[in-house]
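These are the residues of each chain, in order.
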Amino acid sequence: MLTTVFAAFEETAARAGAVDFLADPSQEFTLSYIAAKAEIDDLAQRYRDAGYGHGHRVALLLENRPVFLLHWLALNALGATVVPVNPYYRTREIRHLLRHSGVILAVVLEERLEELRALAECAIAGTEDIPYAASPPPRTDVPAGDSLCALLYTSGTSGEPKGCLLGNDYFLAMGRWYISQGDLCAIEHGRERLVTPLPLHHMNAMACSFMAMLLSGGCLIQLDRFHPATWWQDVAASKATIVHYLGVMPAILLGLDVCAEERRHRVRFGFGANVDPKHHAAFEARFGFPLIEAWAMTETGAGACIAASHEPRQVGTRCFGKAPSTLEYRLVDENGNET
């Protein structure tokens, strides 16, 4: 039984070979499984040679770029934990993350290097409220399913962002849940191409879309962000079969002028949340594929996911499906009484 994200990738890569693994239309970039494996192995060796390994926590400030995923897999191969950094964080928020997470290394884009270097130097000098100590050696035990894979920070709407400690089992279970949905969300192994503009510092992109493609031998088409004006061109050109969406994306796309590419795509379904009820049916009629509404939380992962992947979907009612038989739940009214 596979126990780590890297082990799952390694097994898929052995089967998939030259099949596309990662793509970025904006950079005309495509990387096969076999080519990605070589890059990941090289990165892992460089981390190992530098003394990093099992039990260490490493911050990744790499935005929505395929390189983020390569570093994650390389670090996971060694048993290190990644701490994704929201690229829109200001210095104060980054300071909180560094202080709270216990990272011993930050891998950042060149344009953010001086900002992070200044924080590190202040921590070493004792002028920043960031703990500093010599890095402990890596653990000697073999990484397993319960080894800490990632530390994801929530939005912090009720205070400072809170870190969720997520093991390899969490990510593997989330990917398996997605590819087990079937019906309207059926995933064909080795044939899917999933395009998403959603952030890689969030569980949707990391645990849902990426893990589903990794486990099924599909290709993740990671956009840097949502570009309405070129969305349908990117979707059509990338030969995407699945799209991920959130919030106002359907409303914005419905507001655009009609273009040829909006019906020349290969998309079979969209997967996301919070489409406006008045736009749900209109979107499906215009663009030709269903929007599958779903619900999940970073804290619960696959243990409490619900998706409207089967008919009747109750389009236009904010319905996100029926809870599975394995999930315990209560329905209450505004007074806390069961309904």
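Nothing here was measured: the structure is a model prediction, and the numbers come from that model.

Draft legend 1. Quick look at the packing of aromatic side chains. Tallying each qualifying case throughout the model produces 19 aromatic pairs. Both rings, one in Y47 and one in Y52, keep their centres 6.5 Å apart while their planes meet at 80°; by these two values the pair is edge-to-face. In this pair, the class of Y47 matches that of Y52, namely buried. When the centroid spacing of 6.4 Å and the interplanar angle of 75° are considered together, the rings of W231 and W232 count as edge-to-face. Neither residue differs from the other here; W231 and W232 are each classed as buried.

Draft legend 2. Local environment of the sheet that holds strand β13 (residues 306-307). Strand order in this open sheet of 8 strands is β2-β1-β9-β8-β10-β11-β12-β13, and the pairing throughout is mixed. At either end of the open sheet lies a strand with only one pairing partner, and these are β2 (29-32) and β13. Across 5 bridges, the pairing between strand β10 (residues 242-246) and strand β11 (residues 269-273) is parallel. From the neighbouring strand, H244 faces β11, where its bridge partner is F271.

Draft legend 3. Expanded view of the packing of helix α3 (residues 66-78) against helix α7 (residues 203-216). In contact at an axis separation of 13 Å, α3 and α7 are set at 80° when each is read in the N-to-C sense. The angle between α3 and α7 falls in the class roughly perpendicular. On α7, the residues touching F68, L69, W72 and L73 of α3 are M206, F210, M211 and L214. Of the residues contributing to the contact of α3 with α7, the split by class is 8 nonpolar, no polar and no charged.

Draft legend 4. Main features of the pairing of strand β6 (residues 148-153). Counting buried positions over the 6 residues of β6 gives 5, a clear majority of the element. As paired strands, β6 and strand β7 (residues 163-167) are joined by 5 bridges and run antiparallel to one another. Bridge assignment links A150 to a residue of β7, and that residue is L166.

Draft legend 5. Molecular detail of the pattern of salt bridges. By the definition in use, this model includes 17 salt bridges. Close ionic contact of E63 with R65 constitutes a salt bridge, the shortest N to O distance being 3.0 Å. Of the residues examined, E63 reaches a relative accessible area of 29% and is grouped as partly exposed. The salt bridge partner of E262 is R286, with a shortest N-O separation of 2.9 Å. Of this pair, E262 sits in the loop between α9 (249-254) and β11 while R286 is found in helix α10 (residues 277-287), placing the two residues 24 residues apart along the sequence. Pair check on accessibility: E262 and R286 agree, each one buried. The network of salt bridges with common partners includes E10, K37 and D41.

Rules used in this analysis
Residues numbered from 1 in each chain as written. Predicted model: local features only at pLDDT ≥ 70, side-chain atom pairs only at ≥ 80, totals over all residues. Heavy atoms only, no water. Phe/Tyr/Trp six-rings, centres within 6.5 Å; stacked < 30°, edge-to-face > 60°. Buried < 20%, exposed > 50% of the residue type's maximum accessible area, 1.4 Å probe, protein only. Pairing = 2+ DSSP bridges. Helix = DSSP H or I, 4+ residues; strand = E, 2+ residues; numbered from the N terminus. Axes fitted to C-alpha atoms, helices over the stretch in contact; angles between N-to-C directions. Parallel < 35°, antiparallel > 145°, perpendicular 65-115°, else oblique. Contact = heavy atoms within 4.5 Å. Nonpolar A, V, L, I, M, F, W, Y, C, P; charged D, E, K, R; others polar. Salt bridge = Lys/Arg side-chain N within 4 Å of Asp/Glu carboxyl O.

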